[in-house]
Amino acid sequence: MSAPTLPPALAGRFTVSPVVPEDADAILGLVSACDLAVLGFVDYTLEDVQEDTGPTATGEPRQQGLARDSAGQVVAWWWTGPRPDSARLPVDLYVHPGLDEPDGDVIAAVAWAQVTAWGRERYAGWSGEVPLLDTGSVQGDTVHERRLAAAGFEQVRTFWRMSGEVPPSPRPAPVPGLVVRTVRFDDEDDTRLVHRLKEESFAEHWGTEPEAYEAFMGRWRGSAGFDPSLWFVAELDGEPAAVMLASRRMANEDALYIQSLGTLAPARRRGVASALLHHAYEVARGEGYARVRLGVDSDNPTGAPGVYRRAGLETIFAMHAWHKSLT
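In what follows, the accompanying structure is described.

Here is what the cut-offs are and how they apply
Residues numbered from 1 in each chain as written. Predicted model: local features only at pLDDT ≥ 70, side-chain atom pairs only at ≥ 80, totals over all residues. Heavy atoms only, no water. Core = buried A, V, L, I, M, F, W, Y, C linked by side-chain atoms within 4.5 Å. Buried < 20%, exposed > 50% of the residue type's maximum accessible area, 1.4 Å probe, protein only. Helix = DSSP H or I, 4+ residues; strand = E, 2+ residues; numbered from the N terminus. Contact = heavy atoms within 4.5 Å. Axes fitted to C-alpha atoms, helices over the stretch in contact; angles between N-to-C directions. Parallel < 35°, antiparallel > 145°, perpendicular 65-115°, else oblique. Left-handed = near helix turned anticlockwise from the far one by under 90°. Nonpolar A, V, L, I, M, F, W, Y, C, P; charged D, E, K, R; others polar. Pairing = 2+ DSSP bridges. Phe/Tyr/Trp six-rings, centres within 6.5 Å; stacked < 30°, edge-to-face > 60°. Lys NZ or Arg CZ within 6 Å of the ring centre and 35° of its normal. Salt bridge = Lys/Arg side-chain N within 4 Å of Asp/Glu carboxyl O.

Right, let's get into the nonpolar core. One finds Leu256, Ile258, Leu261, Val272, Leu277, Leu294 and Tyr308 to be the most contacted residues of the largest nonpolar core, which totals 33 residues. Where this core is concerned, the elements lending two or more residues are strand 8 (231–236), strand 9 (239–247), strand 10 (255–263), helix 8 (272–287), strand 11 (291–297) and helix 9 (304–310). Broken down by element, the residue count for this core peaks at nine residues, all from helix 8. Other than its neighbours up to four places away in sequence, Leu256 contacts Leu230, Ala246, Ser247, Ala280, Val283, Ala284, Tyr289, Arg291, Val292 and Arg293.

Relative to the helices and strands, Asp227 resides in the loop between helix 7 (213–221) and strand 8. Discounting residues that sit within four places of it in the chain, Asp227 has contacts with Ala246 and Arg248.

On to the packing of helix 2 (residues 24–38) against helix 3 (residues 46–53). It is the contact of helix 2 with helix 3, at a shortest axis distance of 9 Å, that shows an interaxial angle of 115°. With respect to helix 3, the axis of helix 2 lies roughly perpendicular. The two elements helix 2 and helix 3 cross, and the hand of that crossing is right-handed. Residue-level contacts link Ala24, Asp25, Ile27 and Leu28 of helix 2 to Leu46, Val49 and Thr53 of helix 3. In terms of residue class, the contact of helix 2 with helix 3 is made up of five nonpolar, one polar and one charged.

Time to look at the packing of helix 4 (residues 101–122) against helix 5 (residues 142–150). Viewed as axis vectors pointing N to C, helix 4 and helix 5 meet at an angle of 45°, and their least axial separation amounts to 10 Å. On the basis of their axis angle, the class for helix 4 and helix 5 is oblique. Two packed elements cross with a definite hand, and for helix 4 against helix 5 that hand is right-handed. Counting all contacts with helix 4, which are made through Glu101, Gly104, Asp105, Ala108 and Trp112, the residues of helix 5 involved are Val143, His144, Arg146, Arg147 and Leu148. Split by residue class, the contact of helix 4 with helix 5 holds four nonpolar, two polar and four charged.

Time to look at the sheet that holds strand 4 (residues 88–95). Whether parallel or antiparallel, the strands of a sheet pair through hydrogen bonds between backbone atoms. Read from one edge of the open sheet, twelve strands run 1-2-3-4-5-12-6-11-10-9-8-7, paired in mixed fashion. Looking along the sheet, the strands with just one partner apiece sit at the ends: strand 1 (14–17) and strand 7 (178–182). Averaged over all adjacent pairs, the angle separating strand axes in this sheet is 25°, with direction ignored. The sheet contact formed by strand 10 and strand 11 spans four bridges and is parallel. Bridge pairing in strand 11 places Leu256 opposite Val292. Seen against the sheet, helix 5 touches strand 4, strand 5 (132–138) and strand 12 (314–325) and runs at an angle of roughly 160° to strand 5. This element, helix 7, spans strand 8, strand 9 and strand 10 of the sheet and lies at about 130° to strand 8.

Tallied over the full model, the rule gives 13 aromatic pairs. Each ring, one from Phe216 and one from Trp220, has its centre 5.9 Å from the other, and the planes form 50°; the classification is tilted. Of this pair, Phe216 and Trp220 both sit in helix 7, four residues apart, roughly one helical turn. According to the relative accessible area criterion, Trp220 is buried, its value standing at 4%. Taken together, Phe185, Phe216, Trp220, Phe226 and Trp231 form an aromatic cluster joined through their ring pairs. Stacked on the ring of Trp206, the Lys or Arg Arg88 has its end atom at 5.0 Å from the ring centre. Over the ring of Tyr213 we find Arg192, and its NZ or CZ is 4.0 Å from the ring centre.

It is worth spelling out the pairing of strand 9 at this point. In terms of burial, strand 9 is largely enclosed, as seven of its nine residues are buried. Taken together, the six bridges between strand 8 and strand 9 define a ladder with antiparallel strand orientation. In the sheet register, Trp231 faces strand 9, and the bridge partner there is Leu245. Linking two consecutive strands that pair antiparallel, namely strand 8 and strand 9, is a turn of two residues; a positive phi of about 55° is found at Asp237 within it.

Looking now at unusual backbone geometry. The backbone phi angle of Asp237 is positive, close to 55°, even though this residue is not glycine. Residue Asp237 is classed as exposed on the basis of its relative accessible area, which comes to 53%. Phi at Asp254 is positive, roughly 60°, even though this residue is not glycine. Residue classification places Asp254 among the partly exposed positions, given a relative accessible area of 31%.

We now examine the pattern of salt bridges. Pairing between side chains of opposite charge can happen when the charged atoms of each approach one another. Summed over the entire model, instances satisfying the criterion amount to 23 salt bridges. In this structure, Arg146 engages Glu101 in a salt bridge whose closest nitrogen and oxygen atoms are separated by 2.9 Å. Placement of Arg146 in helix 5 and of Glu101 in helix 4 is noted, with a sequence separation of 45 residues between them. Given a relative accessible area of 41%, Glu101 falls into the partly exposed group. We note a salt bridge from Asp297 to Arg157, for which the minimum N-O separation is 2.9 Å. Of the two residues, Asp297 is situated in strand 11 and Arg157 in strand 6 (residues 154–165); the sequence distance between them amounts to 140 residues. Exposure class is identical for Asp297 and Arg157. Each is buried.

Right, dumping it as structure tokens:
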């Protein structure tokens, strides 16, 4: 698909082009400016940029574009993150907060129009559930949210980023019969167990789609901060009960990041999730991190936010999920 055409009023001052690997540093500068404007700190790294601009785990093209001003500065970036057999197409758009709002509005409209066209092209002939674009916003970023609404997105859910300072030892009393161990990453049976635990523990959660083992492993291996030594399985009375997948994605924020923590239904309300969180604190302490962070659905059906608060985590900001149907 060709590059979008800017309106005449902008065409002489801005250019649009595809993304190349050499753009990574400039994109990080753009995203950092957006984070600082809304959060007051940077919640993104160069490794995140490389993940979001690099090839997908399946090799499917990742459509994306850049807008630059007349001085060559990157002022906007938009991208897609296709996943096999998924009706949801992850997408995102960053527009520099220092750009004049009218110019930013036009560039955002052009970018979202191209992203929508990409999505409709990808799902041509799709026979599954209604496909949609899936993006997000940080609470308080009213300009971005206004542009999302103007592009036809609807806010559908709220998630919380939670953070807890690593407490001093000792840890709370152990859960009888509970053992937490590191995943044996060189044992396919063990990684398949991790996949099963994650699929089953999140089956009733909002927005969850089944994911094949190969796609799951490919996606995680290519994720920012991936470290197999930070994957853990909890066994209760000798049976697999829960999984916790942590990473170094937030090392720049002096934090161990828990990307996924799920407990099988029969093992819930027995202190397993809390024990895993305290295990994460111990790991973080050993790795020299000052805090542990994670994200959670504010309406999580298992009551996870309450478990996290009791373990010492507090909400530091909210993120809203937005969807746009491609019908």
